[in-house]
Amino acid sequence: MTKQNTLREIEKKAYMSYHQDGLLDIFVGLYALAFGLGMIADKMLEFGFGAIMPAILVAIVLPIWIEAKRKITMPRIGFVKFGARGSNKLFALLLGLTVAGLGVFMLFGVFLATGQIGRPWWIEILFQYGMIWIGLGAAVIGSLFAYTMGLKRLHGYGLLTLALFVSGYFLSIPFEYLLLAIGSIIIASGAALLVQFARRYPLPKGAQANVVQ
Amino acid sequence: MSSSDADIQNIDRLIHEPSRLTIMMNLYVVESADFQFLQHQTDMTPGNLSSHLRKLEDAGYVEVTKEFVNRTPHTALRLTRKGREAFKEYRRNVKRFIDKVPE
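Cut-offs and rules
- Residues numbered from 1 in each chain as written.
- Chains lettered and ligands numbered in written order.
- Predicted model: local features only at pLDDT ≥ 70, side-chain atom pairs only at ≥ 80, totals over all residues.
- Heavy atoms only, no water.
- Helix = DSSP H or I, 4+ residues; strand = E, 2+ residues; numbered from the N terminus.
- Contact = heavy atoms within 4.5 Å.
- Areas by Shrake-Rupley, 256 points an atom, 1.4 Å probe, with all protein chains shown as cover.
- Phe/Tyr/Trp six-rings, centres within 6.5 Å; stacked < 30°, edge-to-face > 60°.
- Buried < 20%, exposed > 50% of the residue type's maximum accessible area, 1.4 Å probe, protein only.
- Buried area = accessible area lost by both parts, 1.4 Å probe.
- Salt bridge = Lys/Arg side-chain N within 4 Å of Asp/Glu carboxyl O.
- Polar contact = N/O pair within 3.5 Å; in protein donor to acceptor, adjacent residues only side chain to side chain.
- Nonpolar A, V, L, I, M, F, W, Y, C, P; charged D, E, K, R; others polar.
- pLDDT = per-residue confidence, 0-100.
- Pairing = 2+ DSSP bridges.

Peer 1: What am I meant to see in the overall build of chain A here?
Peer 2: The number of helices and strands found in chain A is 8 helices and 1 strand. Its helices and strands taken in sequence order, chain A reads α-α-α-β-α-α-α-α-α from the N to the C terminus. Of all intrachain contacts in chain A linking residues separated by at least 6 positions in sequence, the fraction that spans at least 24 positions is 72%. Working note: accessible area of chain A is about 12,600 Å², and carbon and sulfur atoms make up 73% of it.

Peer 1: Explain the packing of aromatic side chains here, please?
Peer 2: We describe a pair of aromatic rings using the distance from one ring centre to the other and the angle between the two ring planes. One pass over the structure, following the stated rule, counts 10 aromatic pairs over all chains. With 6.0 Å between their ring centres and 75° between their planes, Tyr18(A) and Phe82(A) make a pair best called edge-to-face. One end of the pair, Tyr18(A), is in helix H1 (residues 7–18); the other, Phe82(A), is in strand S1 (residues 80–82), with 64 residues separating them in the sequence. Given a relative accessible area of 18%, Phe82(A) falls into the buried group. With a centroid separation of 4.8 Å and 45° between ring planes, the pair formed by Tyr28(B) and Phe87(B) is classed as tilted.

Peer 1: Quick question: what am I supposed to make of the side chain of Thr73(A) here?
Peer 2: Residues and elements named next belong to chain A. As for its position among the elements, Thr73 is in helix H3 (residues 49–77). Thr73 sits in the buried class, given a relative accessible area of 0%. What Thr73 contacts, discounting residues up to four positions off in sequence, is Tyr18, Asp21, Leu23, Ala68, Gly78 and Phe197.

Peer 1: What exactly am I supposed to notice about the interface of chain A and chain B here?
Peer 2: Put simply, an interface is often sized by how much accessible area is lost when its parts join up. In this assembly, 30 residues from chain A lie in contact with 32 residues from chain B. Note on chain A versus chain B: buried area summed over both sides is about 2,700 Å², and carbon and sulfur give 57% of it. Linking chain A with chain B are 0 salt bridges. Scanning the region where chain A abuts chain B turns up 9 residue pairs in polar contact (both at pLDDT 80 or more). Secondary-structure elements contributing two or more residues to the side of chain A that touches chain B are H1, H3 and S1 of chain A. The leading source of residues in the side of chain A that touches chain B is H1(A), at 7 residues. Taken together, the residues of the side of chain A that touches chain B break down into 16 nonpolar, 9 polar and 5 charged.

Peer 1: Got a minute to help me understand the confidence of the model for chain B in this structure?
Peer 2: When pLDDT drops low, the exact placement of atoms in the prediction is not to be read closely. Summary statistics for chain B give a mean pLDDT of 88 and a share of 92% for residues scoring 70 or more. Among the prediction metrics, the complex's ipTM stands at 0.82, with pTM recorded as 0.74.

Peer 1: Can you walk me through the environment of Thr72(B) in this structure?
Peer 2: When you line up the elements, Thr72(B) lands in strand S3 (residues 72–79). When the C-alpha atoms of Thr72(B) and Pro46(B) are compared, they prove to be 20 Å apart, with 26 residues separating the residues in sequence.

Peer 1: Help me understand the pairing of strand S1 (residues 30–34) of chain B in this model?
Peer 2: On a regular strand, each side chain points to the face opposite its neighbour's, so the side chains alternate between the two faces of the sheet. Most of S1(B) is tucked away: 4 of the 5 residues are buried. With 3 bridges connecting them, S1(A) and S1(B) associate as antiparallel partners. Among the inter-strand pairings, Phe82(A) is bridged to a residue of S1(B), identified as Val30(B). Strand direction decides the pairing type here: S1(B) and S3(B), joined by 2 bridges, are antiparallel. Counterpart to Ala33(B) in the pairing with S3(B) is Leu77(B).

Peer 1: I'm lost on helix H3 (residues 18–28) of chain B in this one. Help?
Peer 2: Given 3.6 residues per turn, any residue in an α-helix points the same way as the ones three and four places further on. Residue and element names in this part refer to chain B. The element H3 is extensively covered by neighbouring structure, given that 10 of its 11 residues are classed as buried. Of all the positions in H3, only Ser19, Arg20, Leu21, Thr22, Ile23, Met24, Met25, Asn26, Leu27 and Tyr28 are classed as buried. Two or three places before Ser19, at the opening of H3, Glu17 has a side-chain oxygen 2.8 Å from that residue's backbone nitrogen.

Peer 1: Is there a simple way to think about the pattern of salt bridges in this case?
Peer 2: Two side chains that carry opposite charge are able to pair once their charged atoms sit near each other. Going through the model one piece at a time under the given rule, you end up with 9 salt bridges over all chains. One salt bridge connects Arg153(A) with Asp25(A), and the closest N-O pair in it is separated by 2.6 Å. Remark: Asp25(A) occurs in helix H2 (residues 23–45) and Arg153(A) occurs in helix H7 (residues 153–170); sequence separation between them is 128 residues. Each member of the pair, Arg153(A) together with Asp25(A), is buried. As a salt-bridge pair, Lys95(B) and Asp99(B) come within 3.0 Å of each other at their nearest N and O atoms.

Spelled out as structure tokens, the structure:
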């Protein structure tokens, strides 16, 4: 009998084993890195990359992540379909984040629209300390995903982002370079997890690994 | 027969065996899983896992289906409705028995 006595622990173990491959980290890190590079390219080339990069990246990165899960994770650990309960929690979180994102977008619109007529004081403060709010937002989002997905390292990424952005605010480091830094750190962490995962779950020999004998 | 004796007699012995209980618990928390995933989660040898799965399948608690996921064949294992109900009943009976055991 295993040490994990409760159903909740077993469910968590199942979920975590499927997400300990480091792929999520690599792709989130790549996203941040590419976003930062896009903003730098935007400044250098005056192309407007930064504005459209998020949408391009999601369209490119998401299918690659799904394919990487299929080619790297599934052959090593097998295939599992999680129940609706876990998916519902994640869906609720993503929906909440989308609504929050729309709220931020509207705030930004208010910021731009009130430039000529005089901004409300709370909008000024919000955007004066924008980097700190972004860092706080990242910490909160990281913690929410960590709680929902049971991946504790996401707490760490959120706190690291907060620390970097707060430092960046006081040291006047441009936003895009902070993205490069956080992206690189998360990619490195993901790569280390991937190596560890591949060692822990080597590819099974032969075709009998997935067949009831 | 005391009520606690009756409770322990009602415990499903097929599920109560530690390896099969582990299998049932792991399948209970997911919609379905393939053999490889279940083997990793339970740390059982392929032969041992196969043997216990066959017993659970014969009892109608586990369903084994061959399906394709992204053009790759997989053997999907899932608890049947009968299996889920049996597991829930097992949990109730064990809890009822444990609650009656004096400190």
